[in-house]
Amino acid sequence: MGESMSGQVASCSHRFSPPLRLRAGTVGLIALLTLPGCTTASNRPGASPTPVSPTAATSPGQVQSPAAATTATTPAQVQPPAAPTALHEWVDETSSRSVPAYFEWTPPTGTISGYYFWIKGAYTSDVTPPPSVCGPKWEKLPASATTLMMESVQAEPNAFICAYNDAGTSPTVEFPQDTPWAAAQPTIPGAPAALDAYLDATGGGTYPAELLDWVGPLERVTGFYIEIWHGGGDIPAPTACDPSWTKLAASARTYTIPAVEELPSVFICAFNDAGISPMVKFPTPEQE
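What this report covers is the structure whose coordinates are included nearby. Note that the structure is predicted; figures quoted are calculated from it, not measured.

**Describing the overall build of the protein chain**
Phase 1 of the analysis: Each helix and strand counted, the protein chain has zero helices and 20 strands in total.
Phase 2 of the analysis: Residue burial in the protein chain is summarised as follows: out of 288 residues, 33% are buried.
Phase 3 of the analysis: Considering only contacts in the protein chain between residues 6 or more positions apart, those separated by 24 or more positions represent 70%.
Phase 4 of the analysis: Of the accessible surface of the protein chain, which amounts to about 18,300 Å², a share of 54% is contributed by carbon and sulfur atoms.

Below is the structure:
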């Protein structure tokens, strides 16, 4: 018999010319005949098998070496991102009308697919609790975003943000209100926003005055350049804003043109040590 009661298997590496016969009694233990040139391998549970020869014949005269042993590696599991940090929220409260709200943050380290953003109290002082979990029902922002501007709010909103990737979302964090962004290095400012223009004839002159107002960008500014174009010639290109224009202080949010016979084109930009913002044009006021 090829297998003994002890669980060992005998195998031979050569043939015997005479037949090999083993006889066993009806009762008793069958003895295993170990022959020269034979090896035994354990067949007991948990026992290690005898190593197999590392070469195998492929054709006469050729031997194929086995493939080198490789260790399977599993890519590191993607983890949900950390929350954005260094949050800033700022509303230019120098104007009593609707103004933009600005938001700025620093992305978390690691891979992110984007952000979810939520506001409450954007148009009134009423604050409705936001959803308890940041998720796809919120406004979606791209992974490249680090700032956001809401064009018009009447009250400084409560705002929340989280980052997300394929593994999930980060903890939700709230923007602290009234925290202007102060970059470590000067950053070219955005253009002035919420531009408005209207005529005021209360001064009693022959022609009404034109009143201009605006709000500043998120970035800190050193001042503004403004240009009044009374017709004739070419309107300046968007990159034309420069120090040759009328210079206004960083605190300026209004400007008055004393008497307007013909409605001019008026342009403005912001500047700081890093450079000059894009130029923007004031709307043309309505004439009564």
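**Remarks on the sheet that holds strand β13 (residues 193-200)**
Phase 1 of the analysis: The antiparallel open sheet is built from three strands, whose spatial order is β13-β14-β17. Each edge of the sheet is formed by a strand with only one pairing partner; in this case those strands are β13 and β17 (254-257). Averaged over all pairs of adjacent strands, the angle between strand axes in this sheet comes to 15 degrees, irrespective of strand direction.
Phase 2 of the analysis: Across four bridges, the pairing between strand β14 (residues 209-215) and β17 is antiparallel.

**Thoughts on the state of the cysteines**
Phase 1 of the analysis: Taken as a whole and assessed by the stated rule, the structure comprises two disulfides.
Phase 2 of the analysis: Across the disulfide from C134 sits C162; the S-S distance is 2.0 Å. Here C134 and C162 share a disulfide; its torsion about the S-S bond, -90 degrees, makes the bridge left-handed. Of this pair, C134 sits in the loop between β7 (114-120) and β8 (139-142) while C162 sits in strand β10 (residues 158-165), and the two are 28 residues apart along the sequence. Of the two residues examined, C134 and C162, each falls in the buried class.
Phase 3 of the analysis: Through a disulfide, C241 is tied to C269; the S-S separation comes to 1.6 Å. Taking the sign of the S-S torsion, -75 degrees for the link of C241 and C269, the bridge is left-handed. With a gap of 28 residues between them, C241 in the loop between β15 (223-229) and β16 (246-249) and C269 in strand β18 (residues 265-272) connect regions that are remote in the sequence.

**As for the sheet that holds strand β5 (residues 85-91)**
Phase 1 of the analysis: Strand order in the open sheet made by the three strands is β5-β6-β9, with antiparallel pairing throughout. Since the sheet does not close on itself, it has two edges, and those belong to β5 and β9 (147-153), each with one partner. Between one strand axis and the next, the sheet turns through 15 degrees on average, direction left out of account.
Phase 2 of the analysis: Note that β5 and strand β6 (residues 99-106) share five bridges and pair antiparallel.

**Observations regarding the packing of aromatic side chains**
Phase 1 of the analysis: The full count for this structure, using the stated rule, is eleven aromatic pairs.
Phase 2 of the analysis: Both rings, one in F103 and one in F117, keep their centres 5.2 Å apart while their planes meet at 70 degrees; by these two values the pair is edge-to-face. With F103 in strand β6 and F117 in strand β7, this residue pair connects regions lying 14 residues apart in the sequence.
Phase 3 of the analysis: Between the aromatic rings of Y225 and F271, the centroid separation amounts to 4.1 Å while the plane-to-plane angle is 10 degrees, which identifies the pairing as stacked.

Conventions we followed
Residues numbered from 1 in each chain as written. Predicted model: local features only at pLDDT ≥ 70, side-chain atom pairs only at ≥ 80, totals over all residues. Heavy atoms only, no water. Helix = DSSP H or I, 4+ residues; strand = E, 2+ residues; numbered from the N terminus. Buried < 20%, exposed > 50% of the residue type's maximum accessible area, 1.4 Å probe, protein only. Contact = heavy atoms within 4.5 Å. Areas by Shrake-Rupley, 256 points an atom, 1.4 Å probe, with all protein chains shown as cover. Pairing = 2+ DSSP bridges. Axes fitted to C-alpha atoms, helices over the stretch in contact; angles between N-to-C directions. Disulfide = S-S within 2.5 Å. Phe/Tyr/Trp six-rings, centres within 6.5 Å; stacked < 30°, edge-to-face > 60°.

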